[in-house]
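Structural overview
Next come the chains, spelled out residue by residue.
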Amino acid sequence: MNLFGEFRKFIARGNVLDLAVGVVIGAAFGKITTSLTEAILMPTIGWLFGSVDFSNWFIRLGPIPANYQGSHDNYEKLKEAGVAMIGYGDFLTQVVNFLILAFALFLLVKAVNRVLDAIEEEKKNTADTSKSDTVPTDPQLDVLRDIRAELQAMRDAPSRSA
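All of the points below concern the structure found in this document.

For the rest of this paragraph, the subject is the overall build of the chain. Check the secondary structure of the chain and you find 5 helices and 2 strands. When burial is assessed residue by residue, the chain has 17% of its 162 residues classed as buried. Within the chain, contacts between residues at least 6 apart in sequence are counted, and of these 40% link residues at least 24 apart.

As structure tokens, this is what we get:
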């Protein structure tokens with residue numbers, strides 16, 4: 001098999017496609033979380049603590065260049081000017097962002113696990129999943145159940161002796 005054929009086979013596997021979809025959705029969800037943190041939560045927390053913007057919370061470590069004309073309170077402008085600083089406000093924003101994302105993922109995994117547990121419980125109580133609209137069908141398991149039933153019927157049937 002050539003390299004392209006192997007690559008096509010690799011990409012066609014379901015788990016690779018699932019992973020790709022998960023990465024795309026995760027990136028979009030990360031942007032939503034970042035927006036929630038930076039546009040809503042951090043300004044609200046900043047308002048409560050008396051500062052509207054956490055991104056300007058920093059400790060200046062080095063001198064400001066003599067030719068710098070901007071505000072001495074603007075983290076981004078000072079950073080562009082090459083001033084050494086510790087930007088703990090930005091770090092705090094990123095920590096809050098991470099905690100929100102982690103909590104949202106925890107709730108998502110918890111909800112999915114609850115649904116999967118309910119499906120597994122219903123699957124245990126269903127003799128033939130192919131005849132149920134609510135339980136995902138496992139065709140191999142259904143075939144094995146049919147074979148087992150046939151074998152059981154053959155064993156239970158009175159043997160015919162000639």
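Once the structure has been displayed, the description carries forward.
To continue, consider the pattern of salt bridges. Applying the stated criterion across every chain yields a total of 1 salt bridge. A salt bridge links Asp156 to Arg155, with the nearest nitrogen and oxygen atoms 3.9 Å apart. Across the pair, Arg155 and Asp156 agree in class, each one exposed.

A cluster of acidic side chains, namely Glu38, Glu76, Glu80 and Asp90, defines a negative patch on the protein surface. By the element assignment, Glu76 lies in helix H3 (residues 75-80). Accessibility expressed as a relative area gives 45% for Glu76, which makes it partly exposed.

A cluster of nonpolar residues, Val143, Leu144, Ile147, Leu151 and Met154, forms a patch on the protein surface that exposes about 520 Å² of accessible area. Along the chain, Val143 turns up in helix H5 (residues 139-156). Judged by relative accessible area, which is 46%, Val143 ranks as partly exposed.

Ranked by size, the top nonpolar core spans 7 residues in total: Phe58, Ile64, Tyr68, Tyr75, Leu78, Val83 and Met85. Not counting residues within four places of it along the chain, the set of residues in contact with Tyr68 comprises Asn74, Lys77, Leu78 and Ala81.

Here helix H4 (residues 88-124) contains 37 residues, and its C-alpha end-to-end distance of 53 Å stays within 8% of the 54 Å for a straight helix at 1.5 Å per residue. Taken together, the buried positions of H4 are Gly89, Thr93, Val96 and Asn97.

Taken as a whole and judged by the stated rule, the model has 3 aromatic pairs. Between Trp57 and Tyr88 the ring centres are 6.1 Å apart and the planes differ by 50°, which places this aromatic pair in the tilted class. Taken together, the positions of Trp57 in the loop between helix H2 (14-49) and strand E1 (59-60) and Tyr88 in helix H4 put the pair 31 residues apart, joining distant regions of the chain. Given a relative accessible area of 23%, Trp57 falls into the partly exposed group. A relative accessible area of 38% means that Tyr88 is categorised as partly exposed. On the basis of an interplanar angle of 45° and a centroid distance of 5.7 Å, the ring pair of Phe58 and Tyr75 is categorised as tilted. Of this pair, Phe58 sits in the loop between H2 and E1 while Tyr75 is found in helix H3, placing the two residues 17 residues apart along the sequence. Across the pair, Tyr75 and Phe58 agree in class, each one buried.

A few words on the environment of Val96. Structurally, the position occupied by Val96 is in helix H4. Expressed as a C-alpha distance, the spacing of Val96 and Thr34, which sit 62 residues apart in the sequence, is 9.4 Å. Apart from residues lying up to four places away in sequence, Val96 is in contact with Thr37 and Met42.

Cut-offs used in this document
Residues numbered from 1 in each chain as written. Predicted model: local features only at pLDDT ≥ 70, side-chain atom pairs only at ≥ 80, totals over all residues. Heavy atoms only, no water. Helix = DSSP H or I, 4+ residues; strand = E, 2+ residues; numbered from the N terminus. Buried < 20%, exposed > 50% of the residue type's maximum accessible area, 1.4 Å probe, protein only. Contact = heavy atoms within 4.5 Å. Salt bridge = Lys/Arg side-chain N within 4 Å of Asp/Glu carboxyl O. Patch = residues over 30% accessible without salt bridge, like charges linked within 9 Å, V, L, I, M, F, W, Y side chains within 5 Å. Areas by Shrake-Rupley, 256 points an atom, 1.4 Å probe, with all protein chains shown as cover. Lys, Arg positive; Asp, Glu negative; His and termini not counted. Charge placed at Lys NZ, Arg CZ, Asp CG, Glu CD. Core = buried A, V, L, I, M, F, W, Y, C linked by side-chain atoms within 4.5 Å. Expected span 1.5 Å × (residues − 1). Phe/Tyr/Trp six-rings, centres within 6.5 Å; stacked < 30°, edge-to-face > 60°.

All we've got here are geometric facts, nothing functional implied.
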